[in-house]
Structure formats: structure tokens, C-alpha cells
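Spelled out, the chains give:
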Amino acid sequence: MTTTLASQITRVPRIFNKERALDAQALVTELPVELHALVVGAASCAPYLMHLLEKEMPWLTQAVADPASAVQEVITEARDLPAEAVADPLRIGKRRVALMAALADLGGAWSLEQVTGVLTDFADAACWAALRAGLAPQIKRGKVPGMTMDDLADAGGMTVLAMGKMGAHELNYSSDIDLICLFDETRFATVDFHDARAAFVRATRAMSATLSDLTAQGYVFRTDLRLRPDPAVTPVCMAMEAAERYYESLGRTWERAAYIKARPCAGDLKAGAEFIKTLRPFIWRRHLDFAAIQDAHDMRLAIREHKGLGGPITLPGHNMKLGRGGIREIEFFTQTRQLIAGGRDVELRGRGTCDNLAVLARKEWLPQGVADSLTDHYRAHRTVEHRLQMVRDAQTHDLPQSVEGFERLAAMMDTDVPALQSDLHRRLSEVHDLTEGFFAKTQSKIPVTAQPHRFDKQVLDRWHSYPAMRSQRGAEIFERLKPDLLARLAQAAKPDEALLALDGFLAGLPAGVQLFSLLGANPQLADLLIDVVSTSQALAAHLSRNAGVFDAVIGGDFFSDWPGEAGLHEALSGVLAAEPGYEFRLDGTRRWAREWHFRIGVHLLRGLTDAKTAAAQYADLARAVLRALWPVVTDEFATRYGAPPGRGAVLLGMGSLGAGRLNATSDLDLLVIYDPLGQEASQGKRSLPSRLYYARLTQAMITAMTAPMSQGKLYDIDMRLRPSGNQGPVATSLASFESYQTTQAWVWEHLALTRASVVAGPKDLKRDVDQLCATVLALPSDLARVLRDVADMRSRIAASKAQEGIWDAKIGPGRLQDIELFAQAGALIAGRYAHRITDGIDAARMLGLIAEKEAQTLCEAYAVCWQLQCAVRLLTPGALDAATLGQAGSAFLARALGCDTLETAQAHLEQKCAEAAAVINSTLAEHAGDEE
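Rules used throughout
Residues numbered from 1 in each chain as written. Predicted model: local features only at pLDDT ≥ 70, side-chain atom pairs only at ≥ 80, totals over all residues. Heavy atoms only, no water. Helix = DSSP H or I, 4+ residues; strand = E, 2+ residues; numbered from the N terminus. Buried < 20%, exposed > 50% of the residue type's maximum accessible area, 1.4 Å probe, protein only. Contact = heavy atoms within 4.5 Å. Areas by Shrake-Rupley, 256 points an atom, 1.4 Å probe, with all protein chains shown as cover. Lys, Arg positive; Asp, Glu negative; His and termini not counted. Charge placed at Lys NZ, Arg CZ, Asp CG, Glu CD. Phe/Tyr/Trp six-rings, centres within 6.5 Å; stacked < 30°, edge-to-face > 60°. Lys NZ or Arg CZ within 6 Å of the ring centre and 35° of its normal. pLDDT = per-residue confidence, 0-100. Axes fitted to C-alpha atoms, helices over the stretch in contact; angles between N-to-C directions. Parallel < 35°, antiparallel > 145°, perpendicular 65-115°, else oblique. Left-handed = near helix turned anticlockwise from the far one by under 90°. Nonpolar A, V, L, I, M, F, W, Y, C, P; charged D, E, K, R; others polar. Core = buried A, V, L, I, M, F, W, Y, C linked by side-chain atoms within 4.5 Å. Salt bridge = Lys/Arg side-chain N within 4 Å of Asp/Glu carboxyl O. Expected span 1.5 Å × (residues − 1). Arc of directions from axis to C-beta. Polar contact = N/O pair within 3.5 Å; in protein donor to acceptor, adjacent residues only side chain to side chain.

Asker: Report on the overall build of the protein, specifying residues and quantitative values.
Answerer: Assigned secondary structure in the protein consists of 39 helices and 10 strands. Taking all 932 residues of the protein together, the buried fraction comes to 56%. Restricting the contact set of the protein to residue pairs at least 6 apart, pairs at least 24 apart contribute 75%. Working note: accessible area of the protein is about 38,500 Å², and carbon and sulfur atoms make up 51% of it. When the 100 positive and 113 negative side-chain charges of the protein are each reduced to one mean point, those points stand 3 Å apart.

Asker: Please give an account of the packing of aromatic side chains that cites residues and values.
Answerer: Evaluated as defined, the whole model comprises 17 aromatic pairs. On the basis of an interplanar angle of 80° and a centroid distance of 5.0 Å, the ring pair of Y247 and Y259 is categorised as edge-to-face. Note that Y247 is positioned in helix α9 (residues 240-250) and Y259 in helix α10 (residues 253-260), a separation of 12 residues in sequence. One exposure class covers both Y247 and Y259, and it is buried. Ring centres 5.6 Å apart and planes at 80° place the aromatic pair W463 and F478 in the edge-to-face group. Taken together, the residues W463 in the loop between α19 (457-462) and α20 (472-490) and F478 in helix α20 connect sequence positions 15 residues apart. Residue class for W463 comes out buried when judged on its relative accessible area of 2%. Ring-pair connections join several aromatic residues into one group, and the members of that group are Y246, Y247, Y259, F275 and F282. One Lys or Arg, R79, reaches over the ring of W128 and ends 4.6 Å from the middle of that ring. In this arrangement the basic side chain of K94 is found over the ring face of F221, its NZ or CZ atom lying 4.2 Å from the centre.

Asker: Give a detailed account of the confidence of the model for the protein, specifying residues and quantitative values.
Answerer: Across the protein, pLDDT averages 87, with 91% of residues at or above 70. Predicted confidence in the protein is weakest over helix α13 (residues 291-307), with a mean pLDDT of 55, and strongest over strand β1 (residues 158-162), with 98. Per-residue pLDDT stays below 50 along residues 441-451; that stretch engages in 21 contacts with residues further than four places along the chain or on separate chains.

Asker: Any chance you could break down the packing of helix α14 (residues 327-341) against helix α16 (residues 368-390) for me, citing the residues and the numbers?
Answerer: The contact between α14 and α16 brings their axes to 9 Å, and the two run at 140°. On the basis of their axis angle, the class for α14 and α16 is oblique. Every pair of crossing elements has a handedness; the one defined by α14 and α16 is left-handed. Within the contact between the two elements, α14 uses I327, I330, E331 and F333 and α16 uses V370, L374, H377, Y378, H381, R382 and E385. A class-by-class count of the residues in the contact of α14 with α16 yields 6 nonpolar, 2 polar and 3 charged.

Asker: Help me get a handle on the nonpolar core, residues and values and all.
Answerer: Counting 123 residues, the largest nonpolar core has L652, M705 and L893 as its most contacted members. Sequence-distant contacts of L652, that is, excluding residues within four places in its chain, are made with D669, L670, L671, I673, F737, A756, S757, V758, V769 and C773.

Asker: Go over the pattern of salt bridges with me, naming the residues and quoting the values.
Answerer: A full pass over the atoms with the stated rule returns 44 salt bridges. Among the salt bridges present, the one from R187 reaches D268, with a minimum N-O distance of 3.3 Å. Taken together, the residues R187 in the loop between β2 (177-183) and α8 (193-212) and D268 in the loop between β5 (263-267) and α11 (269-278) connect sequence positions 81 residues apart. Accessibility expressed as a relative area gives 10% for D268, which makes it buried. A salt bridge links E565 to R627; the shortest N-O distance between them is 3.4 Å. Here E565, found in helix α26 (residues 564-578), pairs with R627, found in helix α28 (residues 611-641); they are 62 residues apart in sequence, far enough to count as distant.

Asker: Tell me about the side chain of Q335, residues and numbers included.
Answerer: By the secondary structure assignment, Q335 is in helix α14. Dropping the residues within four chain positions of it, Q335 is found in contact with A257, I260 and K261.

Asker: How would you summarise helix α34 (residues 783-800) if you had to cite specific residues and measurements?
Answerer: With 18 residues, α34 extends 26 Å between its outermost C-alpha atoms, agreeing within 8% with the 26 Å of an ideal straight helix rising 1.5 Å per residue. What α34 keeps buried is the set V786, L787, V790, A791, M793 and R794. Projected down its long axis, α34 shows its buried positions confined to an angular sector of 160°, all on one face. Across from the buried face of α34, at angles greater than 90 degrees, the exposed residues are A799 and S800. Sitting at the head of α34, D782 places a side-chain oxygen 3.3 Å from the backbone nitrogen of A784.

Asker: An account of unusual backbone geometry is needed here, citing residue identities and associated values.
Answerer: Backbone geometry at H169 places phi at a positive 60°, although glycine is not the residue there. Inspection of the secondary structure puts H169 in the loop between α7 (164-167) and β2. By relative accessible area, H169 is classed as partly exposed at 31%. In this structure, D393 takes a positive phi of about 55° despite not being glycine. Of note, D393 is situated in the loop between α16 and α17 (403-412).

Written as C-alpha cells, this is what we have:
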């Protein structure tokens, strides 16, 4: 169904120049009468539109019946022009598109996006046609080594990148076009490189001339090639490798912002897209990049100073693009927020300004009201900009200087001058107010309250010598932050302790620009920083080495509901799918896991969760990592040695991992069980015997988890629970595992099996391994023998492992390991799993080994010890010295145990452990002859 131009009109420009209106009236006789007012009004306001009418009235007469289709036909014809005849047809096509776009814009028939869209689509088509016209002679003359006319289809590896408004499909009415021309040097032999580059340079110049030269038919587009790397010294068409090296080593923030909108528009589109893909790490920082705010602000100030646009808003001559409250303010505001968070969220990597404002609001990076206001002002500014340019087809953004000029603009806007000026001033002021606050707050000192505390000057003075302050920029940003940090420290219960804690954090911080910028833009994070460093030395040390985890705090999900193992696995799988290679996936896993690990610790530290919840969350995280990474490691291994023989292998979680209960520093107890299904070797480039295959695959997984890469390591792996311990193979076949567990395993190995669960691997093999473990546990167990062995193990543990003080939650009578051993014995005798220790204790009660009250005593002691273990491991990876905790750490530890003071907590702990030890001692003495 066609839609006529007349049926879409919603407004009509007023008559401005009566004489020109009369001339236009004589031209429109063949047009539908419903269009006369629109066309005559437009011509009376804009001499350029009158010129277009005189040239293209016959075409317009036909096109108004279906303007969208008519314009699309012009665009298609332009793109398909033969290489030998493009100059005049392109100029004629541009006139027609410009005429229809102007009338549809002035008449309200098309939206801003439709107007800028057809202008951009024609620019794309024109670039294609002009590139073919410039390159075809080079190929015909043999100037492009190895290329024939068949290669003209993808321009022999040359690509044209549309930048700026053209890249975003936002070309204004009389816009120039910013292009970067590159070629794929890998399509040429090394000896042919210089000849190929010279040919592409000539083709680029010819393309530019075709587009921008002014002839009797006019011009197509003014073309700017200066956005390429270092344009003063580089050729107009560069090799992609050279451009990539430039951006990696010398690229600046404004170039990152420019590439947000970049897209290939002509030539080898695939090569162009791949080039932009290689620049993703340059454009999109992996961490929240608040330093971009300062860079963008500096650019704004430089533009204002260079253009002399730094004064207050006075309408005559005001630049609607670069002046205060103008188009560029909205674009900078939007792009800077994209640069901040786009590295972490691909949805923030769009090109269109209005679309990106909507996404920023949906992602809660902007209040919805701010996004709506800026979107409305952006559309209004662009509408004014178009009318300014329609007058004489000039690349201008300046409001009129004269009364007559405002009268013309008001006529084009179908309003009067006072209403127009009032609306313009309001909109410019509102844009300035909304955007200036975002940028300028990084320039001014943060207001603080008086500091009633006098801090140690020696501590403050040594901050200047720390690595994070070595760069001038880092030091400057920190100086603006310092008054606020000191004011917050002064409010701590013990300010001097808090100062020393912050001092330790700053001393270990290798660089500061990003973190200090983040704190400057989000002052509320300073409270969290001081809370963390004052309470937990371990978490503070982790934070100083990995300050990027703060990104997660303001990334939107930090305080949302816990996603569970399935949600975490899905999220990590998405992260890994986006990484380009194996090493990137390993580092990406570390970076992702570190942020979630930090979240669990902070929630526990601040009392948002308890030890039981944190234990489950730490386990969810570890299991999600293993589930997501195991297939990645397996696939990488298979590229060299073939697919896994038989049914593959599963990871069997043991100990706390199998039970789904970890703490901040837990290592992971694992077994690898495989089933070759009788297949003797793998089928790959380098075939391996099945047993050796799975042994090496296991080692590859251990390396993937433990290797200290740029993002650190994931987890330590402990495989000592495998059959025959350290003497046995690192991977065990299903048949061998079954044979060992049913004929050779020690009691302690069956005890360990009560907490086993498969955490990763093929579903069918997982089912069989789970069933095998359940079958082994169901085998009859001799009660007296099991308890005698447990008593013996207790004695050996006591002799070999000394308790590390009163705050050692794991080792000692009535503590974690002691209660776990007893509970596992109850589960084994009962012939069932006991992933939860309380289940094992309940099994012992049902067997009659202990009474209800004794079971409750063990459960209470275990809960207290686990609360202590979770808290201590958050405070320190080693033995806890309560004397060094400080006020904040002591308060956290006491709170974790449900007490008001450390003294009360210690007495509570000792009492519960003594009661639990008494229950275990008496039970073993009665049933196993234990004399303890």
C-alpha cells in the first residue's frame, strides 16, 4: 500500500519571501493541490529548495505519489551505477533525495529518523558507487596486484568506514561525511604491499573527488578523511594492521568515542566489520571507565575555547551544535556514559543517540526523566539544524544574527519569533543544566563537612610516594578526593585505625586513575571502601590488587537477588561465548568470578547475608565456574588430541564442594572419572591412549583453574581424595572407580563419599556416577569398625595438626572437622549421602548413637564454628590474631557469632565446642572403645 506525501502532511511552513513564493507557485501546477502550500512555503523560505524545485520538478511530480518508494529507487540506482558513469547521476540523485527529505521534514510527514535515514542511505550508496569508479581504473591498469575486475565486488579488500553521524545513520541535511579508508594487507604478498597501497590511495582520492568536487550539477557530499590515525603523516588509505597498531598504542579517548558510531559502509564490508571487532578492547574497556568523564570534559572545553563558544547562551549566532546546551553536549553526554559501561554491557554499544539514551535509562545508568528530556531536546535541536542548512545548503549550525533571519527560521518552523526564541532558550538551558553537572562535578572539589579529627601528618605525607599517585593525573584526581575521604574517616569509630587501614590499601594499589575516577563520580563508594579496608585486611588486600571489582557494585546487579548456580552458569557461559580465544576465556572467567566473589564477601561483611547463605553462594559460584569451564577446556584439548574417547569425563566434587558449602578461601576437592566405553585411544591429530588422554585433560583443567594469569588464579585444586591418594592416577575410569570403592577403599574414603556430588560433565555419565556412589554407600557397614576408625582418625589428626589458637574453627575437639567426621560416620553407617552435616548428625540420632538433645548440641556447635570459619576466612587467609583486628574487624567477628563483644563470642565458642566434644567422646567411648 502506497502512502502519498499529501496524506502525511501535519504542518506547513509560512510564506517568508512573497516574490519567491510567486515564482514557486508557477512551478507547482502539476502537483496535487494539497501540496501547493507546503512546496510554495518551503521555496519562499529557502533559496536552495527553490533551486531544487527548478531542477527536479518533473521527478517530484511523479515521486509525491509514493515518496518513500521513490527515494528508495533513487538510492538503489545510485548504488548500482556503472563505474564509468557516476559523477552526474550521483549529483542528480542527491538533489532528488535532498528535495524530498526537505519537503517531508518541513511538512512533518517523516520523523527525524526517516529524514536522517534516507540521507545516510544515499550517502552509503554514493560511497559504494564512487569507490567502484575510483578503483576500477586501478584494477584495469593492473595497479592492484593480483586483482581482476571480479574483485571489484568487495573492492579488493578495501573498506570504507562511516564515522560520526553517517556511522550512526544520523546525517544532517547538509552534512559532510567523515570516512576512514583501510585495506586488508593480508590479501597481498609482502612484495606487493606498496603497490597495493599506492593503488588504494589513488582510488580513495578519486572517490573523494567524485563525491565532493563542485561541478555544473553541484556536488554529492563534502568528504572528510581526517579522522584516520595521525592524518598529517599517514596516507588517505591505510593498511588495517598499521591502523590497529596505532589505536593499541596511541589511541585517545576521542577516537574511542568516534568508533562507537563506526560501521563499514562501502567496499569489503566483512573486512571492515572484522577490523572494528579487533578494536573492541580499545573502544570498550573491560572495567567501568569513569576516567572517560574527565577526558570528555577536557574535549568539550577545548572545543569551546577553540571555537570561542564558551560564553553564556545568547541566541543570535549561537551554535546549535557546539555551543552551550547544543547537539554535541547531548552526544558527548551519551557517548561518555557508553564508554563508561559499554565494556561490560554490549547493549550499551549502539550507534544512535536517541536509542542509546533509551538503553541507558532502561539499564538505570540514567533517570528515565533525564533520558526523555535529552531525547526530546536532541530531536528539536536537529530539526532546527536542518532548517538552518536548508536555506542555502550550507554546513552551518549557527542561529541567525538578524531579525530577518529569525523570521525566516520561525516561518520554516510554522511559529512566530517570540515563541521560537523562548523555546530555543529553554531547551538550550535545560540541556546545559543536565549535561554540565555530569561533567563539571569531576572538576570541582567535593563539598565536605568540617573534619573534627587531626590525622597523623606522616601517614598523609607518604601517600604521594605510592605507585597509584605516580602519574600526574592520578595524583590530581586523588587530591580532589582526599578531603571527602578524610571527612568520612573522621566519622569512623576509631579514625586513626581507619586511616592506617586505608593507608595499607593505598600502598598496595598499583594504579589509581580508574579507581579514583570511579570514586569521584560515585562518592557513596567511599563508605564501602573505608568499611572494607577497616574491617578485613584480606578483602582490602584483594581489593588493592583487583580494584576493578568495584565495577560490580555500581553495575546494577550487586544488590539484586542471588541468581543461584543455574543463573551464574548462564551468565558466565555468555561471557565465555563473547571471548575471542582460549586464553581470553580463562582470563574472562577469572575477572567474572572475582567480582561475584567480592559481592559475596561484601554482603557478608555488611550483614546483608549470614554465614550459611554465604557458604551456599560461594559453592554456587565455584560450581558455576567448573560447569562453564570444563567444556571450554575439553574443547580446547580436543583441538589437539581429538574428542574425548567414549562418554567423556565428569568432575566429582568432594568435601565442602560436594556438600555445597564453601568459604572465601576454600580450595576445591575434585575427582575426575571417565568412561572410555572400550575405546582405546582418541581420534585426533595426535592420538593418545584413553588413560593418558584423560590424565592430561585433567592436568589441563587443573592448570586452567590454578595458573596465575593476568587476572590471577581461580581456585586451588586438591585431588588427594582420588583412589590411592597421591599415588594414584589423576583421572580414574568408571570401572576402576567402582572396583576400588567396592573392594579396596578405606573407611575414610567411604566417609568422604557421603558428601560427593557430580558438578560438571555429560548428563548420562553424571547419572551413572551418582548411582554408583549411592550404591557404594548402601553397602553394609560395620558400626563398631567405622567408629573405631573414626576414633583412630581423630587421634591421628590431633597428633599431626595443631590447633591455631582459640579462633581456629576447623581443627580441635568439637570443631568443624571433628563434627564432620562424626556426621559422615553416621551417614555411612546409615548407608546414605549427607551433603548437609545436619543430615549425618540426624542419621546418627536415628541409629541410636546419640539422643535428640546431643544431636542438637552438635548442630549448634557446627553452626557456630561455621559462622566463625566464614568470618575468619573473610578477615584473613591464615591464623587469626584477634589483637590485630582493630575495632571494625572485632565488631564484625563478634556480630558474626551473634555476640556483642569478642570476649562474649570467645566464651560462647568455647562452651559450644566443649559440649560437642563431650558428645563425640562419650559416643565413641561407648560404641568403639575410645578412651578419650
